[in-house]
Each structure stands twice: as structure tokens, then as C-alpha cells.
There are 4 protein chains.
Amino acid sequence: MGNTFGNIFKLTSFGESHGPAMGGVVDGMPAGIKIDCDKVQRIVDLRRPGQSQVVTQRDEPDRVELLSGIFEGMSLGTPIGFVVRNRDARSSDYDHMRDIYRPSHADYAWQAKYGIRDHRGGGRASARETVSRVVAGALAMQVLEQLGIQVLAYTTQIGNVVLQPGSSLDWNKTWNNAVRCPDETIARCMQQALDEARAQGDTLGGKVCCAIFGVKPGLGEPVFNKLNAALAQAMMSIPAAKSFDMGAGRALTSMRGSETLDTMHALDGGLVYEHNFSGGIQGGISNGNNIFMEVGFKPVPTLMRNIDTIDTRGNTVTFNPGGRHDVCVVPRAVSVVQAMAAMVLLDHYLLAKTNHL
Amino acid sequence: MGNTFGNIFKLTSFGESHGPAMGGVVDGMPAGIKIDCDKVQRIVDLRRPGQSQVVTQRDEPDRVELLSGIFEGMSLGTPIGFVVRNRDARSSDYDHMRDIYRPSHADYAWQAKYGIRDHRGGGRASARETVSRVVAGALAMQVLEQLGIQVLAYTTQIGNVVLQPGSSLDWNKTWNNAVRCPDETIARCMQQALDEARAQGDTLGGKVCCAIFGVKPGLGEPVFNKLNAALAQAMMSIPAAKSFDMGAGRALTSMRGSETLDTMHALDGGLVYEHNFSGGIQGGISNGNNIFMEVGFKPVPTLMRNIDTIDTRGNTVTFNPGGRHDVCVVPRAVSVVQAMAAMVLLDHYLLAKTNHL
Amino acid sequence: MGNTFGNIFKLTSFGESHGPAMGGVVDGMPAGIKIDCDKVQRIVDLRRPGQSQVVTQRDEPDRVELLSGIFEGMSLGTPIGFVVRNRDARSSDYDHMRDIYRPSHADYAWQAKYGIRDHRGGGRASARETVSRVVAGALAMQVLEQLGIQVLAYTTQIGNVVLQPGSSLDWNKTWNNAVRCPDETIARCMQQALDEARAQGDTLGGKVCCAIFGVKPGLGEPVFNKLNAALAQAMMSIPAAKSFDMGAGRALTSMRGSETLDTMHALDGGLVYEHNFSGGIQGGISNGNNIFMEVGFKPVPTLMRNIDTIDTRGNTVTFNPGGRHDVCVVPRAVSVVQAMAAMVLLDHYLLAKTNHL
Amino acid sequence: MGNTFGNIFKLTSFGESHGPAMGGVVDGMPAGIKIDCDKVQRIVDLRRPGQSQVVTQRDEPDRVELLSGIFEGMSLGTPIGFVVRNRDARSSDYDHMRDIYRPSHADYAWQAKYGIRDHRGGGRASARETVSRVVAGALAMQVLEQLGIQVLAYTTQIGNVVLQPGSSLDWNKTWNNAVRCPDETIARCMQQALDEARAQGDTLGGKVCCAIFGVKPGLGEPVFNKLNAALAQAMMSIPAAKSFDMGAGRALTSMRGSETLDTMHALDGGLVYEHNFSGGIQGGISNGNNIFMEVGFKPVPTLMRNIDTIDTRGNTVTFNPGGRHDVCVVPRAVSVVQAMAAMVLLDHYLLAKTNHL
């Protein structure tokens, strides 16, 4: 049920944080697409834990093994199965968490739902699950490239450090720093905020912007599967995501209609909006303008200090989380936001092909 | 494609604003539920246009005809087909819009997608489409009542008038005023803001809060179909929706982890959070606390004045929208937010039954 | 759940035999297709009851009301809602059946499943449900025509009267007789067999062949959604269907491989098989040869005589079905077989568009 | 697309015959079920190639690696990912088949569909794909056992040797012989027929019966997803399947209604049919009687002799298939029929839970 994403281009994923492997199946990959497997690996590497002090120190090589669907460097149109082994799974780190429910974590809700859970590192509720999304997203992006569609994601806020919109950005710099912010000055401030939080055993939240260029008008299905609705589901399904803004988003809610009037200009048979307040989507369908949205993430609830919580019998207990945790999910979430957006765009590109004979 | 919503409890809807009828099919209604058809009508009436000066003056009786699936007052478990006739469809009002694309409307995007569109009142892109959602939501709510689940929605912002969270609210008052705000003082201010905007031919946006009480822990599917992700899709699929916040939402993004620590208390075999920052959902699964979220809507882009726009050949033209439009979608969106939340909750309640033998 | 059929081109249907109406929603109709609404009605008329003595004498005008998705004679790409009113529903004919389970009917199974049922004429288990399939199939056929695909169905067996394969057939004659057999001599024999059975208060079964011309190679999805598997599901979902043969079907099971070797000839960039034993599908995918299959139907279990059965309390009772019933479902099933095949073909045509960028 | 099967209990599979691995993801496994991994392996072993002279001599250990969803011997309710490595893939055996289309194989149809194919052993069109079905079926059967449901499959025909229905059978003997027939005398005749065919370089077809015991009334969804329709799709999706009979199947088509009248007897609050002609399903819903059906398979089209065929440029060529092939798919199809039936039954068991609150 909840482990498949998409309508035509679909990811079905599996894996617990401390089980033998993460993995999944990408179904609906169009046939005859040149697939660069090394590039998939390089994109997965960008999300990899253990790369800086601000993310979990768990050391996972995150080697992606592509098991099917690719033949002599080309996609066959058949499903692409893949596996990413869990290596550095120090399960014993988690023995003391078998019988407690960590606050603001999924522990209790999963136990209530299933009556059983893998307590080690959150089991399937762990953000480690997102590695499968990034593999699928990396495959989707190789297809989107051929369509001239580019999906970018970058950090716009960590704690109180905010990258103001409107800045002219050099996207190539996004991946040059550990916080995934294309403005190097702001990136340094973000890094500093993270260092301070870490020193205090504290954590931070933040925001990720996603911008998509080159989308032709006409993607998005009417009514329930609007392109923005699909993107909202995609983003809110990422662990720790708490808010979603489409285009100018909430800023519009307190503006007057006369302020949000967005002049259209005919250009090359299409339309260009002066402000593009709607973020490239109207009535749920892409209008050919750039698509952009912002996703907000809460701070990691696991602090590096003793925390009061309750155990499975309802008693209050104090525990020290130990383990290896991110100070802030935002830097790694950038890869996941990008991957989810790429999957949605490709899925809707393929869906839109069925609108006509 | 885009016209079905849900996994088990599903609405498939149809209808253009100025075609013969709106309608749909509700599949997955559990069998043996007492259905009060008059109550369905009363809930649809609350969304009905023409009820106050702030909403469209189109006069639609919105008579719901339930055509199947109910026998001697009980649900059969078979699909419930329904039709709501379009009566007051002054199609000629729209003749001058056949060849233009209204700014910030779906006109151009739909034309680009399908190569054809019903230009009358936006066709299927009209908010009139939401009447089918409210019918389905009204049916879902009758089931939820039997489960002790209550879904409330109310206006929290119109233009710059904001209902601050934390106020003690009397939900019964929500439907007493035209703006659907349970605080009567704030409601009057909202009404005044709308009157002013209307006098100026302007429009406003705003926000709707949705609160859900009585949900047991364990609803929501892991990973992609998290309860919050399903709610996000549901809400962002409503016309004019631009932002979504789950629980404390974006406020969390600039807080430190230590500030968002939410103490758990064991209660009656379950857990109660002191602040409930997460809004009743963790790891995508309900935790038994109250669920709440907020949806932001942009101002109606159709002003009651001449607007510059372009026609289907790319020429700039001036047009006067005429027709009958809402000054603000928020008051009527309250019914739709409530309906969508009800459908999501019932769908996930039924899905969760399959987690165990 | 069970009331939606298809992946891209989808029918969601509703309606009980003696409720106010049958109907449905066709979603996924490609945009810009010229729709001849009168032709839809004419195809529905071919399935209509009350047309001859061999089918139920229930007199239903079966007027199809198309409520959306069509604008100025063209499909909009939006869902097509439709309603067919139930007129001649003499519900009181069924009062004596409220508390009994008719043998070999769905009465008991539905009661066991839902704990409630509409006993009047079988409720939703009635073959009257198939009118919605025929409406959707008639719409699909208008699209298929534009693709050069022709879907034919005709009766090949009633009781012991069999139309031998290999006869040269004039398809235009299929609809000239009440039994829907294109060979007029055989048709007369079939008619005679039906008349005799009716005179004896007895009923007959039979078979329907479906042949599809003009399908390009490449339709059908691998593994689980093979074109033949989708057709099998489609056909076995028709009330009273009990057997399905693809191509030469069961005849192949007792042949040796050397006897079934089917020589291929290259023709116009494609392949033509000498015998086409496989019926135009291999590995679940169309190969460009004609597609054909046969569906077997059991005799109507409702005889026009007293029958022993049991009531809802487990007591044996004798009852006389009364009501108005078909002597044999086959003549009317021809329309339904054709409709289901048309929907499957169009659905897979659209699906196959997503195999490539 | 085509690589996912089921609604609630779902298998998504992947893998080409000569790629690195076969595998899949089982989603929707209920939580808290004791899983015996060794038993899964033993059931997969029964389908394994290389076990007798009548099946392909390809030597695959078919070691099933379960990668997730199981924790301390219990199902977690999360997806179960699994991989079965391809070991004995002598790809060079297939070099001479890169540019030809084997008659009655999927080669041409797949090439036409995707424009690319893995020619080695049929790629994903190979029956090797069914190993993933058997893994998922073995998992489903462990759940069904807890529900008291038993799914049996066995060979009823190979070539002209037929096991007559009505024989009293000892199911335990099914797996004692290479042809999977519970009647040892018939099994020997079948074996002899296979030996003869093999000696002549020929191949045979046959039939498999599937019988399901212990199903409560009420499984199966109305109209399109009838239990028999789902079973038909499941069975016809198996490579080489050409016919499907539900219950007494085609035998009913030439009987009179009065001959098929099936007396019902009340028993333990349910009903027992005297003949059970319908095979335990009426109106698409189980009625509590034993479910049975029969699936027909064509002979393997690859003979062990020179065959005329055409190459990818349309030229006629003679080729010798070489490779290692089954003389008859039926003995190994028994495992697959059983697996597919088990998946359908569990899926519908879980679906039926949503019919009521």
C-alpha cells in the first residue's frame, strides 16, 4: 500500500534501517533510454551519510546494485530492481530503545499500528528509507535530461539563517558545501548555526526550495491529481516535512487579488508570466513557466542529551539516545526533495502522453 | 487518472461548470451504515453558492440525487452514484471568453494540455467541481461519526484578518456566519474586509484550519502514503490552495529541537503530547492526539474590473470578466477542506484494517 | 474496489437493478475525439432487453444521458459521466424473494459478504449492471475506429448448436438476428433451440467469440497485465461467464509442439502467422495478427418452474421465480463481450504510449 | 504497469532471465505473522529447474534472500524485498538468437513494443520470471494457513494423458513425482508421454487444476474484480496459459439450466451445494464451497530440432534453438498456479475486511 509511489513511473521500495538491505523496483521506465549507472551512484553519494559533521556519522558506502531492466547501457522498459546493502548497522546501539517510545518519533505510532516494530534505528521509519527514493530519482533525472527538464533543489533556511528569494543563484555551487546552499556566504552562516547547535547537543530545522526548468505546458492531471497536489504528497511524504508552499505560497494568502495580478506575455507560442506567483502551475497543470515550491522540515527530535520519555508500559523514563544522528535533516533532504520532484515530473510527463491518441 | 480520489473509499467525479450536471461515484462505502440523505443535502447546502454577498451570486439549488448503493436507508456496500444538476448556467455570459486566456486562471494550461476546453466558467477547472467532493465528504462523515471521529474546518484568515491559534473556540458557531469563522468578533472583521474588497472590485485570500478529533493511533501508511502526505495531496488539490502546514507546520522550521521537545504522558493505554507540535501524526501515522493542519488559499484572480490579458492568438486584449464570482474562496473552501479530510480519514481507517488478519 | 475497470481508460460504474438508475464515469477518454452520441445510443440499443422473446421482457428504454466530458461534439479529455434510468422496475415482483436464496445465484454470497442486499432482481448482481459497460464500450469503440481497430463479437454456440470455426463469416449479419450469430442458418437453429428451451421452462448456455482486427504490435504489458490476462479478467467479470480461451485455447493443450509450430512470414515490416494459433498475442503482447478469443457462459439458473431452495433461516422452501428472465444470456452478452474487449484494447493502446518518451 | 499484482497484498517483481538477479517486493503482508523462511525456500525448490529430465537442465540453486519486512521471525507489516540470483546463465548460448524472432515466442512482440530487448533466454519474457511469483505465493500461503485456507494445484493433463475429475485424490502425492500429479498411475503415463516427446525433440501441453479449501463466504469484489475474474487474470498471466475454466467451466455451456440446477443444503449457518458446478463462486463472490478451476497450457514452442523462422530483417532463416528447455511447462506451472491462487485469495481476504467498519 504505502510503499509504491507514482502512476506510470513507479517506485516500490523496501528496507529497514538495520535489516540486510534497502532497495526497490522502478517500474515504468521508458524503453531505449541511455542509462549512466555511475551517475546514479554519484547522485546517491551526494545524499550519503557520514560526509560531514552535520549529518549522521554512520558510515555507509551506499553502493547501488542495479539488478535488471538495463541491457547494454540502455533501459529495456522492464522494471529496474535495485539493492543497497546496509553495512554499518550497529544494532546493539539500539538495545536500550526496544522498550521505549522516543518523543516526536514514530515509535509509538508504528507500534500502535502494527503491534510489532523493528526498534533498531526506527526500522522502516528511519530516514535511511530515502536512499531508495534517491536511486529512483536519479534514474528519473536521466530521462528528464533528455526532455530538457532540469530539477534543482537547495537549502533556503537552516534554523534562523534564511536565503532570501530573488537572489541570483549559481546552482552549480549547491553541492560544493555541506549544507547544500548555492549562496556561499549564507552557506557559511548555515554551517555555523549547525556547528553551534551540535555543540549544544541541539538540532535545527529549515527549508528546501525546489525549482524545475524546462517543463512544457500541459503536465498535471485535473482535479485530484493536480501537479501541485502530487508534488505536495511527494514532499510531505519525506520524513520530518511539515510545510509545503507552491509558488509564492502562503505569501499570497494575505495579498489582495489586485496585488497578485500577474501579467501574461505571449512568447514563442506560449506564455510568460511577469511574476509567476503561481509557480508554473495553474488549475493543477503546468503552464510552461518555471515551477518552484518550498518544503519546511522540523528539527530532528533526537537531541544529544538525556530526554524524558515513556516506556512501552507507560512509565516515565530517562534515556540518552546515543546512536549517530543528523543535527539537521535539511542538507540531506535536498537530495530527497530533488528525487521526489523528478519522479513526479516524469510520471506526469508520461501520464500526459495518454491525453491524446 | 485525475478524477478518482482514495484507495478504498474512493470518489470518482465528473462535470463541467456549465454542462448538464456535476456528479460522481463513491465506491468503497462500507455496508450496513445508516445513511441520512437529508443530512447529506444539508451539508451540501452549506457550500452552496448564492447564499451571501461574498460568494458567487450564481443561483444553484444544488439538489443532490443519490442514485444507488443505498437501500431502505442503509448502505449496501455497492457504489453510490450521484448527480447534481447545473441549473443557473448562463453560458452566454462567457461567450467573450472563448478566445482569451484569463491571467492566473487555468485557461491556457488546460488548452495547452488538451487542445480543447469548455471555456464556459472554466469548464471542469471551475470550483463548481468541488460540489462532488462535498457530497462524498458528507457520506464519509456519516461513517466517521459512528467511529467517534469528528472532522472540523473553519476560517482562520481572510486577507489580513487572522484568527490567532490558541483561542478557545465554539465550533458550533462556525456555520452561523457567512465567513465560517467560529469566533464571532473575528468573523465580523473578516466580513468587513470582504465587503471592502468587493466594493473595490478586489478579492482576498486566506486560510482554513482543519481539526480532527477522535482518531485512534495507527492510521496512515508508511513512506509514500503517510497520513499527512495524503492530507497534503487532498488539500492542495482544492482550487486556489497554495500552502499546507501540518501541525505546528512552518513555525517548527525556525525552532531548535530543544524547543520542540514535546513531553509525552501515558493516558488510557495511549499517549498524550503536551504541545502536540506534530499535529497528531508521526512517521506518517496517527498517534491518537488531535490532528490539525492549515491550508492557505490565494485571492480569486478574477477582479471585477477591466483586466489586460492575451487572446488565443497571442494578442494583448482588455476584457471585463463579468460573470458572477466569489470575492474570496475561503468561506466556501471550508466545506471542501472538511470533505477532503473526511475522505482521507475514512480511507485510511479502512486501509488500516488490512494491516492485520 | 470492484467497480472500476481499466488503468488509463477507466470505467467506474454504479447502479442496482431496481434502484433509480444505472450509470458510471468514463475517465481517461483522450481529448479531441469526435463523439457521436446517437451512435452510443444505437449500440446500447442492441443490448436492450425486451427486443425478442429469448430475452427478458422487461421493457427498458435504456436512454443514455451523457452528462459531461463532451463539448460541441468533441471529447474534452475530462470524465464522461452518464446515467441510464431504470424505468420498468416492478419491484413488487420480487417481494417473495426477500428471504430466500436462489440456487446458483449470487443471493447468498452477497448476503454473506455485505450482511445486507437489495433482493430486487439481484440488486447490483443483476446483469442489468452490464448496460454501463456497453455505454463505456461504445465510447471506446469510437476511439478505436480512429485507430483502425475493429472489435467484433458474435455467438458461436447456444446449447448444442455450434458455429464451427473456420466458416467464412459476414460480420454485418451478426446484428440481423436475435441470437447475434453471423451465419444465418446456424442462427435459425440457435433460435429454434431457444424456443424449445423456453417452451419447456428451461434455459441454455453457450459461447461468444470475440475477434479484433487492426491491432498494431506492441499492446499489452509484461508479466501480470498481459493483454490476454486483461482480456481474461474482462470477460470472466461478465455475469455467467465460466470459461475463457485465448486463440486456439484449450485445443492446444493436447497438441504436440510440432503440430502447433506456426510459420511466420515477414509482411510490410511486420509478421504474419500461418495459423495464428496464439490468437494475435505472444508473451502477453500483441504481435499484429488478428486477436481472437472465446468466452463460455453457463445456462441462466432461473428456470420458469417451481424450484426447491432454502430461505435465509436455512429452511428448504419451494418458490416460483416469476419475474422476467432471459432464456439464455448469450445473445445479450455479445454486446458486453464486445464492450469489454474495446475497453481493454483502448486502455492498452494508451498504456503503450508510455513505453517510450 | 505490468509488474505489480494485487490490490492490498501486492507483488512487484523484476528480473531478466540472464541478468544478475530475479526478485521483487511483497507489499501488504499483514503484521505479526510468523514467517518460516526455510519453508519459503522449500516451496521455491519445488519449482526449481534442473530437477528432472522433463524440465530445463539449467542448474539454478534459486536461493531466496529475504531482505526486509521480517524481524525476529515475524512479519513487520512493511514490504518484504527479496532477491534470487541468476547463477547458471550461459548467455553465450543465446548469441545466435540476437537477430532472429523465434516462432510463437514473445521475441517479435517485445521488440515491436519496446524497440529493444534482452534476447538472452527471452529476457523478462522467460518463464524464469515466475520464480518471484512462487516466492510471493509461498509467503501468502503462510498467512492463508493461519486462516485455515489450503491452496492445492496439480497436473490433470499432459498431452493426451488426462486425470479424470471425480477421482479420489491423495494430495500429498502431488509432489512425489516429477509431473506433479497426485494419481501415481496417471503420473507414470504422463511421465512416459513426456519421455517419448523428448526423445522425438517434441514438446507437450496440458492442464493444471487448482482447488482451494476453507474459504469463507464473502471474498470477491463485485462487478469487475470478481474473485473468478481476478483468478482468471492471475492464471492467464502465467507464460503459456491459453485457457481458463471456473468450476465446471465450459462443460456448463452445452448443458440445460435444468441439468445444472444445483441443490443447496443449509449447513452450519452456511450452504453446501450438491454438485458445486459454480466452483465455489457466485456473482464473483465465494459462497463457502470449495473453489476449483483449471488452466490449460500450450506446448513449449521451442523444439529440439531445426526450425524455420525469420530474422530481424525479415529474411527466412533456419536455426537450432539449443539452450536448455522444458519439454512441457505443466509440471513447473503447478507451483506457479498455486502461488497465483494464493496471492489472489489473500488479497481478496484483506480487501473483504474493508466491506465493514
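Below is a short write-up of the structure. (Residues numbered from 1 in each chain as written. Chains lettered and ligands numbered in written order. Predicted model: local features only at pLDDT ≥ 70, side-chain atom pairs only at ≥ 80, totals over all residues. Heavy atoms only, no water.)

## A closer look at the overall build of chain A
Step number 1: Across its full length, chain A carries seven helices and 19 strands.
Step number 2: The C-alpha atoms of chain A give 21 Å as radius of gyration, which agrees with the globular expectation for 357 residues (21 Å, within 12%).
Step number 3: Considering only C-alpha atoms, chain A reaches an extent of 65 × 50 × 35 Å along its principal axes.
Step number 4: Scored against the burial criterion, the 357 residues of chain A give a buried share of 68%.
Step number 5: Within chain A, contacts between residues at least 6 apart in sequence are counted, and of these 70% link residues at least 24 apart.
Step number 6: For chain A, the accessible surface area stands at approximately 10900 Å², while carbon and sulfur atoms represent 46% of it.
Step number 7: Separation of charge centres in chain A, based on 35 positive and 35 negative side chains, amounts to 3 Å. (Helix = DSSP H or I, 4+ residues; strand = E, 2+ residues; numbered from the N terminus. Rg over C-alpha atoms; globule rule 2.2 N^0.38 Å. Buried < 20%, exposed > 50% of the residue type's maximum accessible area, 1.4 Å probe, protein only. Contact = heavy atoms within 4.5 Å. Areas by Shrake-Rupley, 256 points an atom, 1.4 Å probe, with all protein chains shown as cover. Lys, Arg positive; Asp, Glu negative; His and termini not counted. Charge placed at Lys NZ, Arg CZ, Asp CG, Glu CD.)

## Some points on the packing of aromatic side chains
Step number 1: The final tally for this structure, using the stated rule, is 20 aromatic pairs over all chains.
Step number 2: Here a set of aromatic residues connected by ring pairs shows up, and it is made of Y154, W171 and F213 of chain A.
Step number 3: Lying over the aromatic face of Y114 of chain C, K113 of chain C brings its terminal NZ or CZ to 5.5 Å of the ring centre. (Phe/Tyr/Trp six-rings, centres within 6.5 Å; stacked < 30°, edge-to-face > 60°. Lys NZ or Arg CZ within 6 Å of the ring centre and 35° of its normal.)

## Structural notes on the relation of the copies chain C and chain A
Step number 1: Superposition record for chain C on chain A: RMSD 0.0 Å, screw rotation 180°, translation along axis 0.0 Å. Taken together, the turn and the small shift mark the pair as related by a two-fold rotation axis. Taking the C-alpha atom as reference, chain C places K353 of chain C closest to the rotation axis, 3.3 Å from it.
Step number 2: Most of the interface of chain C is mirrored in chain A, where 100% of its interface residues again form contacts. (Least-squares fit on C-alpha atoms with pLDDT ≥ 70 in both.)

## Observations regarding the interface of chain C and chain D
Step number 1: The interface is formed by 102 residues belonging to chain C together with 101 residues belonging to chain D.
Step number 2: Note on chain C versus chain D: buried area summed over both sides is about 7800 Å², and carbon and sulfur give 59% of it.
Step number 3: Across the chain C-chain D interface, the total number found is six salt bridges.
Step number 4: Linking chain C with chain D are 43 residue pairs in polar contact (both at pLDDT 80 or more).
Step number 5: Counted by class, the side of chain C that touches chain D contains 45 nonpolar, 41 polar and 16 charged residues.
Step number 6: Bridge analysis of strand β12 (residues 241-246) of chain C against strand β12 (residues 241-246) of chain D gives three bridges, and the strand direction is antiparallel. Each residue of the ladder has a partner; that of F244 of chain C, found in β12 of chain D, is F244 of chain D. (Buried area = accessible area lost by both parts, 1.4 Å probe. Salt bridge = Lys/Arg side-chain N within 4 Å of Asp/Glu carboxyl O. Polar contact = N/O pair within 3.5 Å; in protein donor to acceptor, adjacent residues only side chain to side chain. Nonpolar A, V, L, I, M, F, W, Y, C, P; charged D, E, K, R; others polar. Pairing = 2+ DSSP bridges.)

## Some words on the sheet that holds strand β3 (residues 21-27) of chain C
By definition, the strands of a sheet pair up through backbone hydrogen bonds, in either a parallel or an antiparallel sense.
Residues and elements named next belong to chain C.
Step number 1: Taken in spatial order, the five strands line up as β1-β2-β3-β7-β4 in an open sheet, and their pairing is antiparallel. Two strands bound the open sheet, and with one partner strand each, they are β1 (4-5) and β4 (64-66).
Step number 2: Of the pairings in the sheet, the one linking β4 to strand β7 (residues 80-85) comprises three bridges and is antiparallel in character. Residue pairing in the sheet places L66 in a bridge with F82 of β7.

## Topic: the side chain of R117 of chain A
Step number 1: Assignment of secondary structure puts R117 of chain A in the loop between α2 (107-114) and α3 (130-146).
Step number 2: Separated by 3.1 Å, the side chains of R117 of chain A and Q111 of chain A make a polar contact.
Step number 3: Leave out the neighbours within four places in its chain, and R117 of chain A touches M97, R98, I100, Y101, D107, Q111 and T312 of chain A together with F71 and L76 of chain D.

## Quick word on the pairing of strand β19 (residues 316-319) of chain B
Working note: regular strand, side chains alternate between the two faces of the sheet.
Residues and elements named next belong to chain B.
Step number 1: Bridge count between strand β18 (residues 307-311) and β19: four bridges; the pairing is antiparallel. Note that in β19 the partner of I307 across the bridge is F319.
Step number 2: Hairpin geometry of β18 and β19 is characterised by an intervening segment of four residues between the two adjacent antiparallel strands and by a positive phi of about 90° at G314.

## Looking at the sheet that holds strand β11 (residues 206-213) of chain C
Step number 1: Read from one edge of the open sheet, 10 strands run β10(C)-β9(C)-β11(C)-β17(C)-β12(C)-β12(D)-β17(D)-β11(D)-β9(D)-β10(D), paired in antiparallel fashion. Among the strands making up the open sheet, the edge pair consists of β10 (161-162) of chain C together with β10 (161-162) of chain D.
Step number 2: Pairing of strand β9 (residues 150-158) of chain C with β10 of chain C involves two bridges; the strand directions are antiparallel. For I158 of chain C, the partnering residue across the bridge sits in β10 of chain C and is V161 of chain C.
Step number 3: Here helix α5 (residues 227-236) of chain D sits on the sheet and contacts β12 of chain C together with β12 and β17 (291-297) of chain D; the angle it forms with β12 of chain D, its principal contact strand, is near 160°. (Axes fitted to C-alpha atoms, helices over the stretch in contact; angles between N-to-C directions.)

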